[in-house]
Amino acid sequence: MTTTDIPSVQSAAVLTEEYGKPHTFRTDFPVLEPSANEVLVKLQASGVCSGDVNPREGYPPAPKVPQRPLVTGHEGVGIVVAVGDKVTAFKVGDRVGMGWRSEVCRSCTECNRGDDNLCQKQKMNGYQTNGTFQEYVTISPASLISIPPTTVPATRIAPLLCAGGTALAGLRATGVTTPGKWVCVTGAAGGVGALACRYALHMGLNVVAIDSAQKATVCEAMGVHAFVDYETADTVVSRIMKATDGSGAHGVVVCSANPASYSQAIDYAAVGARIVSIGPSMVHFHTGHMMTKGLSLVAQCNGSTKDIQDAVRLGVEDGILPQVELVQIDKIDEALDKLKAGKTLERQVVEWS
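Computed from a predicted structure; not experimentally measured.

Some words on the overall build of the chain
Thought 1: If you tally the helices and strands in the chain, you get 11 helices and 19 strands.
Thought 2: For a compact globule of 353 residues, the expected C-alpha radius of gyration is about 20 Å, and the chain comes in at 20 Å, within 12% of that figure.
Thought 3: In the chain, once contacts between residues fewer than 6 apart in sequence are set aside, the share between residues at least 24 apart is 67%.
Thought 4: For the chain, the accessible surface area stands at approximately 15,200 Å², while carbon and sulfur atoms represent 51% of it.
Thought 5: With 30 positive and 34 negative side-chain charges, the chain shows a separation of 4 Å between the mean positions of the two kinds.

With respect to the packing of helix α7 (residues 236–243) against helix α8 (residues 259–268)
Thought 1: The geometry of α7 relative to α8 is characterised by a closest axis approach of 9 Å and an angle of 40 degrees between their N-to-C directions. Here α7 lies oblique to α8, going by the angle between them. Along this stretch, α7 crosses α8, giving a crossing that reads as right-handed. Between α7, through V236, V237, I240 and M241, and α8, the contact on the second element is made entirely by Q264, D267 and Y268.
Thought 2: Its residues assigned to classes, the contact of α7 with α8 shows five nonpolar, one polar and one charged.

Some points on the sheet that holds strand β15 (residues 249–254)
Thought 1: Read across the open sheet, the six strands follow the order β14-β13-β12-β15-β16-β17; overall the sheet is parallel. This sheet does not close on itself; its edge strands, each paired only once, are β14 (226–229) and β17 (296–299). Each strand of the sheet is rotated relative to its neighbour by a mean of 20 degrees, with strand direction disregarded.
Thought 2: Pairing geometry for strand β13 (residues 206–211) and β14, over four bridges, is parallel. Among the inter-strand pairings, D211 is bridged to a residue of β14, identified as D229.
Thought 3: Relative to strand β16 (residues 269–277), helix α4 (residues 163–173) is tilted by about 155 degrees, and along the sheet it contacts β12 (182–186), β15 and β16.

Criteria and cut-off values
Residues numbered from 1 in each chain as written. Predicted model: local features only at pLDDT ≥ 70, side-chain atom pairs only at ≥ 80, totals over all residues. Heavy atoms only, no water. Helix = DSSP H or I, 4+ residues; strand = E, 2+ residues; numbered from the N terminus. Rg over C-alpha atoms; globule rule 2.2 N^0.38 Å. Contact = heavy atoms within 4.5 Å. Areas by Shrake-Rupley, 256 points an atom, 1.4 Å probe, with all protein chains shown as cover. Lys, Arg positive; Asp, Glu negative; His and termini not counted. Charge placed at Lys NZ, Arg CZ, Asp CG, Glu CD. Axes fitted to C-alpha atoms, helices over the stretch in contact; angles between N-to-C directions. Parallel < 35°, antiparallel > 145°, perpendicular 65-115°, else oblique. Left-handed = near helix turned anticlockwise from the far one by under 90°. Nonpolar A, V, L, I, M, F, W, Y, C, P; charged D, E, K, R; others polar. Pairing = 2+ DSSP bridges.

What follows is the structure, given as structure tokens:
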């Protein structure tokens, strides 16, 4: 194993009690030595994602029985500071990123065709393995993303490791690629939604952003073609149809967890459109309404390694980056509560010294 100067303890946010209880902030959490097949990464930044609420609260995909103690977090950028004896893909000094997955099998059909986000044997950072709300993390190199040389700060890149890859994958799942076609993004001002809007605009698509009225300015600043607030629910569909000149949306990316977002999407989607589910929700609607227009509802779980790599590339080369708000690790529960309540206007990020 090759190492640099590494402390024996670190700061970390750790879940130690049952579901619904806050993190414990520790300054004496042990720094683990990587195994022969792992690397140790000193983190520079960690994004705060809505997926980090789940292992605290017990929402799916968190297991029925909480894993404790557990360090949560799954959007990290940092520098490799130690490598196991059997690791050849990375070396000390490499800058890397990590997202939702800490491990995948690399041998199943899904992994072999590039859909490693669907690997049924995957382990998740901050769920089954200790995640990125700590200064140092040990991880399998198989799930690491190389970060190209750039002056873009780690705080702007970190959210791309989950939110960026997911947004890009969700947009791609609509199948809409022709410039000038219409896509709708619900939850458009959120961490995933805002990036989905920006990727769509980059592709030359026409974008309708849907969110609360108080977030209109945020969405309009991105340059979307139309904004529709959801407060007046009975006119959402008619306003979208008017904004799209009556054509409806050729693709829909639902980042909102509100069940109404799905039933409304069926009504304003164009014939043959795909509605992509990113915001998990319990929904109730009649499939007959989908049949008459030949609609498809597709679930998107995170993004593949390629999606994440492309999101990082688009961030570094084309400046498609999230707006961020720095938060302190000892205030992580306040950040998660704010995120859970839908009160964030920027992507929250922990910056490690």
